[in-house]
Every structure is written in C-alpha cells, then in structure tokens.
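Chain by chain, the residues:
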Amino acid sequence: MYYYPVSAVLTECLILSVVEQQDSYGYEISQTVKMVASIKESTLYPILRRLETDGYLTTYSEEFQGRKRKYYSITEAGRDQLEYLRKEWREYRDTIDDIVEGRLRK
C-alpha cells in the first residue's frame, strides 16, 4: 500500500480510467482503485454519482446471480474529461519528479 494521499480529482481520474477500459460496477471499481488508494465505498459512491450528474458517466442495470448490478459506462464528455485529467496528472507528476530528483528549485 502506498502512503501518499489520493485527492478527489485523482480518484475521479482513476475511476474514469477504469471505466474507460470496460463498463464496470461499483465494487469492481473500488477494488481496482484500492490498489493505490485507501478509499472506502462511502467515499467512492458519491464520486460516482457526481461523475454521472456531471455527464461523465452513464449507468445501466444488469442481472447477476439473481440481483441487479449497476454498471457505469464512460460518455464522450467523460473521455474528454479523462484526457484533461491525464494531462494534468502528467504535468503534476513531472514537476514532483523534478523536485524529488533535484532538477527543479526556486
């Protein structure tokens, strides 16, 4: 497990990245995100709802073992947002790398 905190914006980026690969349901998304972030389902679901409200995700239900499961699917606006977040992440990561590796100093 990593010790660095994960912001809400980075969590959004991770969620959109997971769903971009294939439609997914909440528990599956949370298990992937938990690989790098200590996130609780009580934190994840409000973010999923906000991404849906903002038009970045859509949902649909399918039956699985006799129960309905809610799946999340990325929209075109979600793909645009993900590309923006990835660009922001690369710039942030590169700046941190520059500081940590001694290439950047004010």
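The structure reproduced in this document is the subject of the present report. In this text the structure is predicted, and so the values were computed from the model without any measurement.

Quick notes on the nonpolar core
Soluble, globular proteins show a tendency: their nonpolar side chains are buried together.
Here is step 1: Within the largest apolar cluster, 19 residues are counted, with the highest numbers of intra-cluster contacts made by Ile-15, Leu-16, Val-19, Ile-29, Leu-48, Leu-51 and Leu-57.
Here is step 2: Contributions of two or more residues to this core are made by helix H1 (8–21), helix H2 (26–33), helix H3 (41–53), strand E3 (67–74) and helix H4 (76–100).
Here is step 3: When residues in this core are grouped by element, the largest group, 5 residues, is from H1.

With respect to the pattern of salt bridges
Here is step 1: Following the criterion strictly, the structure yields 8 salt bridges and no others.
Here is step 2: Residue Glu-91 pairs with Lys-87 through a salt bridge whose shortest N-O separation is 3.1 Å. Residue Glu-91 and its partner Lys-87 are both found in helix H4; the two are separated by 4 residues, about one turn of the helix.
Here is step 3: Taking the relative accessible area as the measure of exposure, Lys-87 reaches 40% and is therefore partly exposed.
Here is step 4: The partner of Glu-101 in a salt bridge is Arg-103, and the shortest N-O contact between them spans 2.4 Å.
Here is step 5: Here Arg-103 falls in the exposed class, since its relative accessible area comes to 52%.

Looking at unusual backbone geometry
Here is step 1: Positioned with a positive phi, Gln-65 is a non-glycine residue whose angle comes to about 50 degrees.
Here is step 2: Summarising the element assignment, Gln-65 is placed in the loop between strand E2 (57–64) and E3.

Some remarks on the side chain of Ser-24
Here is step 1: Relative to the elements of secondary structure, Ser-24 occurs in strand E1 (residues 24–25).
Here is step 2: A polar contact of 2.5 Å, which involves the side chain of Ser-24, links it to the side chain of Glu-28.

Considerations on a nonpolar patch on the surface
Here is step 1: Taken together, Trp-89, Tyr-92, Ile-96 and Val-100 make up a surface patch of nonpolar side chains, about 410 Å² in accessible area.
Here is step 2: If you trace the backbone, Tyr-92 turns up in helix H4.

Some details on the environment of Gly-55
Here is step 1: Relative to the elements of secondary structure, Gly-55 occurs in the loop between H3 and E2.
Here is step 2: Exposure remark for Gly-55: the relative accessible area of 29% places this residue in the partly exposed category.
Here is step 3: For the pair Gly-55 and Ile-15, spaced 40 residues apart in sequence, the C-alpha to C-alpha distance is 14 Å.
Here is step 4: Each residue touching Gly-55, except ones within four places of it in the same chain, is listed here: Thr-75, Ala-77 and Gly-78.

Rules and cut-offs
- Residues numbered from 1 in each chain as written.
- Predicted model: local features only at pLDDT ≥ 70, side-chain atom pairs only at ≥ 80, totals over all residues.
- Heavy atoms only, no water.
- Core = buried A, V, L, I, M, F, W, Y, C linked by side-chain atoms within 4.5 Å.
- Buried < 20%, exposed > 50% of the residue type's maximum accessible area, 1.4 Å probe, protein only.
- Helix = DSSP H or I, 4+ residues; strand = E, 2+ residues; numbered from the N terminus.
- Salt bridge = Lys/Arg side-chain N within 4 Å of Asp/Glu carboxyl O.
- Polar contact = N/O pair within 3.5 Å; in protein donor to acceptor, adjacent residues only side chain to side chain.
- Patch = residues over 30% accessible without salt bridge, like charges linked within 9 Å, V, L, I, M, F, W, Y side chains within 5 Å.
- Areas by Shrake-Rupley, 256 points an atom, 1.4 Å probe, with all protein chains shown as cover.
- Contact = heavy atoms within 4.5 Å.

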